[in-house]
Amino acid sequence: MNIFRNTLAVIVGLGIAGLIITLGIRVFPQWVTFEAFAPFEHWQRFLFSMKDDQAFFGFLLFISGLGTTVGGVVTAVIVKYAKVAYAILIGFIMLFIAMLDVIIFPYHPTFYKISIFLTFFPFSWIGGKIVEVIYERNKKKRIADKMNNKS
C-alpha cells in the first residue's frame, strides 16, 4: 500500500509542479506565441522566440522554483515516511527534465543552464522541510495537550 501511495504522491507532485510552471509561462500575454494551453506542445518554437529575452528565463527559474516547492509540499503531505526525501525526488526529476530541455533545445542562456542546478534541489528541499516542520509542531502540540490534560 505504501508503494502505491508513494508513487501517487510523486505523480501528483510532478503534475502540480508542471501545472504551476505552465500557468506561470502563460501569465504574461506578450510571451504567449502559441494557441494551445500547454506551451510544451510548441516548446522549440517558443524557446526560439524567447532566446534573447533574459527576463523570461529569469522568470522561468523563479516559477520553476515555486512549482518545485509546491510540488514538494504536496508530495511530502501525501507520503507517510521520508517526507523530505520524496520532496527532493521531485526536485531531482524536475532537474532531469530541465537538463533534457537544455540538451535538446539550444536556445537557453548560460545563466539559466547553470542556475537550474541551484534551483530545483534547494526549492524541493524547502518544500519537504516546510511539511516536516509543520508535522513536528503538530506532534509536539498533541503531546503537550496530552500532558496538560493528564494533570
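So, a few notes on the structure that sits alongside this text. No experiment lies behind these values; they were computed from the predicted model shown. Position numbers for residues count from 1 along each chain, tracking the sequence in the order it is written. A pLDDT threshold of at least 70 governs which residues receive local features in this predicted model, and a stricter bar of 80 or more applies before side-chain atom pairs are shown or counted, although totals over entire chains, interfaces and linings include all residues. The basis for every side-chain value is the complete set of non-hydrogen atoms in the structure, without hydrogens or water.

A closer look at the pattern of salt bridges
Part 1 of the argument: The salt bridge criterion pairs a side-chain nitrogen of Lys or Arg with a carboxyl oxygen of Asp or Glu, the two atoms within 4 Å. Summed over all chains, the structure comprises 1 salt bridge.
Part 2 of the argument: Among the salt bridges present, the one from glutamate 132 reaches lysine 129, with a minimum N-O distance of 2.7 Å. Here lysine 129 and glutamate 132 lie together in helix H5 (residues 110–150), a separation of 3 residues that amounts to about one turn.
Part 3 of the argument: A residue is classified by how much of its surface remains accessible, and glutamate 132, at 28% relative accessible area, is partly exposed. Secondary structure counts use DSSP, requiring at least four H or I residues in a row for a helix and at least two E residues in a row for a strand, with both numbered from the N terminus. Relative accessibility under 20% of the residue-type maximum defines a buried residue, over 50% an exposed one, and the middle range a partly exposed one, all with a 1.4 Å probe and only protein chains included.

Remarks on helix H2 (residues 43–50)
Part 1 of the argument: Among all positions in H2, only Trp43, Phe46, Leu47 and Met50 are buried. An end-on view of H2 places all buried positions within 95° of arc, on one side of the element.
Part 2 of the argument: When checking whether two residues touch, look at their non-hydrogen atoms; a contact exists if any pair is within 4.5 Å. Buried residues belonging to H2 abut helix H1 (2–25), helix H3 (54–78) and helix H4 (83–104). The directions from the helix axis to the C-beta atoms are what the arc is built from.

A few points about the nonpolar core
Part 1 of the argument: In plain words, nonpolar cores are sets of buried Ala, Val, Leu, Ile, Met, Phe, Trp, Tyr and Cys residues tied together by side-chain atoms within 4.5 Å. In terms of nonpolar packing, the biggest core is built from 25 residues, with Phe56, Leu60 and Ile116 touching the most fellow members.
Part 2 of the argument: Going through the elements one at a time, H1, H2, H3, H4 and H5 are the ones with two or more residues in this core.
Part 3 of the argument: Counting residues per element, this core draws most heavily on H3, which supplies 6 residues.
Part 4 of the argument: Those residues within four positions of isoleucine 116 in sequence are excluded, and the remaining contacts are Leu61, Leu95, Ala98, Met99 and Val102.

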